[in-house]
Structures are given as C-alpha cells and as structure tokens.
Amino acid sequence: MMFKRISLLAGSALICLAFAFSYQQPNVSDKATTGTPTVKLTPVERFVFKSFVDCNLSEVWVGDKFTIFPGKYGEDPVWGPSNNLKYASGTTVDEVIATPEAGFTVPKLPPNVAPGKPGLHGAIWFESIHQDAGDKSGNTLYALYHNENYPATLPYNAKTHKGYKNQKWPEGLRGSETASAVCRIGIMRSTDGGKSWVNRGIFLEDEQPRMILKPNNTAINFAGGTGDPSAIANGKYLYLFYGEYGYPATYTASAYNPKKEWSGQCISIARILLSDLNSPEGKAKRWDGKGFNAPYNGVGKPVASLQISQSAGGGPASSPTAKYYWGPSVSWNVYHNCWVMTMAKAEGPSWKGSSVYVSFNKNRNLGEGNNSQQWSKPQLLASKPGHTIWYPSLQPISTEANSVNKLSSIRTSQFARLFYKDNDNDKNDYVSEYLVEFVK
C-alpha cells in the first residue's frame, strides 16, 4: 500500500528539500522546544482524496473510528444548492481517505430557513471539529463551520442591523451578474458522533458597515467577513484562527483607504470559553492588539508576523493584485511540542496562488500575554507554479495515527502528509504529493 511505502521512505536515507525556520523566543515559562526546527519535504506517490473537498479537511477520532466531514451543504444562489456535506469513518486513516464518494453518509443537518427568519442561512462547510473532553464516549462534537451568504439569502434587517444591503455590491465568482458572498463562522453541535447536528449560532461575523463595496472591491472574492476557521483547544478556551476580509472601520467609498484595509486583514485569532460553545452567540472575543478584548462582531487586529508587508506586495483583500496569506490550518505537534500553521498565499483575484507556507509558535500556553501572536514569519513549504493551491493541511499517516494517540489535522507528530486542493485540473483534486518530516 502507498502508506506503507511512505513509512519506509520516512525511515530511509533520502535526498530531501530542507527548510530551516527561525522563531521569536517565547517566554521561558512556556518554552516548549529549543533550537531551530527543521522541516523536510519529500515528494511521494500522488494520493488523491476520493470525495469532494472545498475547505479545510476536518476530522476526529470517535471511539476507535477516524471520521472526516468534507463537503458543502445549503443554499447558494451563485453555485446552486448542495447536499454534499457528508462523513466517512474507518479504523485507519488510509481506509477513510481512500473511501469513494459513494461510501460517504449524509448526516442529519438543520434546514435552511426563509430570508428574514431566525435560523440557518446560506451554505456551510465544516472546517474544524472540536471534541468535548467532558464526554468520555467521544460522541459530543462541535463543528466550526464556514458560512456564506448574500443579500438574497440574508437581506438587511433595519431592526436587528443583521444582513446585507444589495447596494453597490461587488461582483461574484461567476461574472458581473452574480454577487460576492460574505463569510462568517458558526458552530453546530452533535451528541451522536456526527450523525446529526444542531445549529448553535454564529461565532464571528463582520456586519454591513464593514462590507467593502464598489468601486473599491474588485478582487472577485468576498464583500467582507470572517472565514475558513481552524480551531484548537488550549486551557479553558477554544482558539479560532481565521481569515479576515472586512474593513477595519465603517466603510465609505469616499473615505476608503487601501492601506487601512490592509492593516486590519490577514490571519486573525479569536477565542471563546469552552463552556460557552453550546450557546456561543456574542461571547467570542477577538484579539485587539493588546488582548482578547474586541467583540465577536468588532474590529480586531491580525497576527502581524503573518501579514505581507506592502513593500513586498502585500495589500488589501479587495484588490485583485494584492498578496496575503489565508486559509490557516493549525495543529499541535507532539514531536516538537509546538504549534504549526500551514496556509495558502493569494497573489491574484479569487485567491489565485500556487504556494503553501508554514509558520510556528513555540508557546504552549496561548493565553499568557501575547503568546498567541508569536508566530514565526511564514516560510515557503511547497510550490506548484501555474497551479492554484487552496486549503493546505497536515494529515496523519496510518502508521502513527490511531484511537490512542488521536493524531489528526489538529494533532500531528514527526511525520505527516501535506494535502491541498489543486484547482488546476478537471476534478479539482484534494491531493497529497509530499511527505513532511519534522526534524529536531
């Protein structure tokens, strides 16, 4: 089998591409590792995920079953409705990732409600799964979902100030007759290991005053919002890493400033008490530059080390020529005892970009001081010139992953496989072409 071959390769003397990363020194009390970590990237036989993936691949061990939740569900006036958010389980990672699409099961999900009514609006993607440690059965799960809406699915309500106004709205992904989406992040809960889900509400969102409209928004991506979450538990909090696309103030075309927009965008962090996950609305806090003080719908500060400077081509997400990192996937690496983040790099309209980057944070405790912000400058991990690469993540290999050590996309070890969505073929494959080795 391919993964047996990978295991053998990992233990052999190989010619590898090696990348050395330097870090900002963490607080001594939280120091996890010493020295400069090294990552080796080895090309391996191409392995294609057999089902549809269009987001961070979320998974969890439920008992002795490795369970994944790829796909999309809900209403979408641009691309059409979808019922492709499914799950598959197995006793090994190999078995599950190799499951054909026909072998996936559709979970019970809450229906979309009509515009103007409370409930689930728009389409959703499960991008990160948190397992409630208090449930010894492992069946209580929280799905952090990416949610996309439009003025048609979530029209503006003058009483609640929720929703979006269909005025000077930027162009969508399928041409001038379509609208850009707004992304936000919500939470669903399952008590049966992912077979059925109940919507618990919105975790983070940017509202109408922060939408970036015509004539300034020409990137053909989002009108604004928060999206593509990756969540990890640390202490008594769930930390959420996400992409920020809103304007960091009230937007007006006359006062629009691209530098100001850039200053509030890129990969950001928010957190919520684990005890609030069942009723999350209004309870999350964003990092504001000094602490987790900004409200769930307020203006926060992105991780400064993960922003691309304007002198290096960095710029606002509403520009079709700006460069920025997006789509974070965060894991705790048990071999190096540090946090690892992979991300894509946008370099053109509609998230056009061909490279994967990696960053590290050596502070075990993300809640102390500004530890959560101390990420190393992203370094190139892999590149496929001429391709468009989205949603990179580290996935475990079966020789190391099991229901005891629970390796997954949020808990990695010495070896992992780099997966990403390659948009430059007929199938838009979610594929692994490299083995990643963490070296001390």
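Since this is a predicted model, take the numbers as computed values, not measurements. Each residue is numbered by its place in its chain's sequence as written, counting from 1. A pLDDT threshold of at least 70 governs which residues receive local features in this predicted model, and a stricter bar of 80 or more applies before side-chain atom pairs are shown or counted, although totals over entire chains, interfaces and linings include all residues. As a rule here, side-chain values cover all heavy atoms of the structure and leave hydrogens and water aside.

J.: Quick rundown of the side chain of T178? Include the residues and the values.
T.: For helices the rule is a DSSP run of H or I covering at least 4 residues; for strands it is a run of E covering at least 2, with both sets numbered from the N terminus onward. Secondary-structure assignment places T178 in strand 11 (residues 175-179). A relative accessible area of 18% means that T178 is categorised as buried. We define a polar contact as two N or O atoms separated by no more than 3.5 Å, with the added condition that, inside protein, one atom must be a possible hydrogen donor and the other a possible acceptor, whereas residues neighbouring each other in sequence contribute only through side-chain atom pairs. One polar contact links the side chain of T178 to the main-chain carbonyl oxygen of G175, over a distance of 2.7 Å. Discounting chain neighbours no more than four positions away, the residues touching T178 are V78, P170, E171, G172 and L173. For the exposure calls, accessible area comes from a 1.4 Å probe over protein chains only, and a residue counts as buried if that area is under 20% of its type's maximum, exposed if over 50%, partly exposed in between. The contact rule is simple, with two residues in contact once any of their heavy atoms fall within 4.5 Å.

J.: How would you explain the packing of aromatic side chains if you had to name every residue and give the values?
T.: Remark: the centre distance and the inter-plane angle together describe each pair of aromatic rings, the angle taken between the planes. Planes of paired rings set the category: under 30 degrees apart is stacked, over 60 is edge-to-face and the rest tilted, where pairs are Phe, Tyr or Trp rings (Trp by its six-membered ring) whose centres lie within 6.5 Å. In this structure the tally under the stated criterion is 28 aromatic pairs. When the centroid spacing of 6.3 Å and the interplanar angle of 80° are considered together, the rings of F47 and F419 count as edge-to-face. Of the two residues, F47 is situated in strand 2 (residues 38-48) and F419 in strand 25 (residues 415-422); the sequence distance between them amounts to 372 residues. The residues F47 and F419 share a single accessibility class, namely buried. Grouping aromatic residues by their ring pairs yields a cluster made of F222, Y245, Y324, W326, W351, W390 and Y391. Our definition puts a charge over a ring when NZ of Lys or CZ of Arg is within 6 Å of the ring centre and also within 35 degrees of the ring normal. Positioned above the aromatic ring of Y156 is the side chain of K165, whose terminal nitrogen or guanidinium carbon lies 4.7 Å from the ring centre. Across from the ring centre of Y237, 3.7 Å away, lies the NZ or CZ of R271, which sits over that ring.

J.: An account of the sheet that holds strand 7 (residues 88-90) is requested, with residue identities and associated values reported.
T.: What holds strands together in a sheet is hydrogen bonding between their backbones, with the strands either parallel or antiparallel. Taken in spatial order, the 3 strands make up an open sheet running 3-4-7, and their pairing is antiparallel. Where the open sheet ends on each side, the last strands, each with one partner, are strand 3 (59-62) and strand 7. Neighbouring strand axes in the sheet, compared pairwise and without regard to direction, differ in orientation by 25° on average. DSSP calls a pair of strands paired once it identifies at least 2 bridges connecting them. Helix axes use the C-alpha atoms of the stretch in contact, all axes being lines fitted to C-alpha atoms, and the angles between their N-to-C directions lie in the range 0 to 180 degrees.

J.: Give me the nonpolar core: which residues, what numbers.
T.: Residues F49, I68, Y245, Y324, W326, W351 and Y430 are the most contacted members of the largest nonpolar core, which totals 30 residues. Per-element tally for this core: the top contributor is helix 2 (residues 93-97), with 3 residues. Residues contacting Y430, with those up to four places away along its chain left out, are F47, V48, F49, V53, C55, L57, Y391, S393, Q395, F419, Y420 and K421. By nonpolar core is meant a set of buried Ala, Val, Leu, Ile, Met, Phe, Trp, Tyr and Cys residues that side-chain atoms within 4.5 Å join together. One finds I269, W332, W339 and Y357 within the second-largest nonpolar core, a separate group that totals 21 residues.

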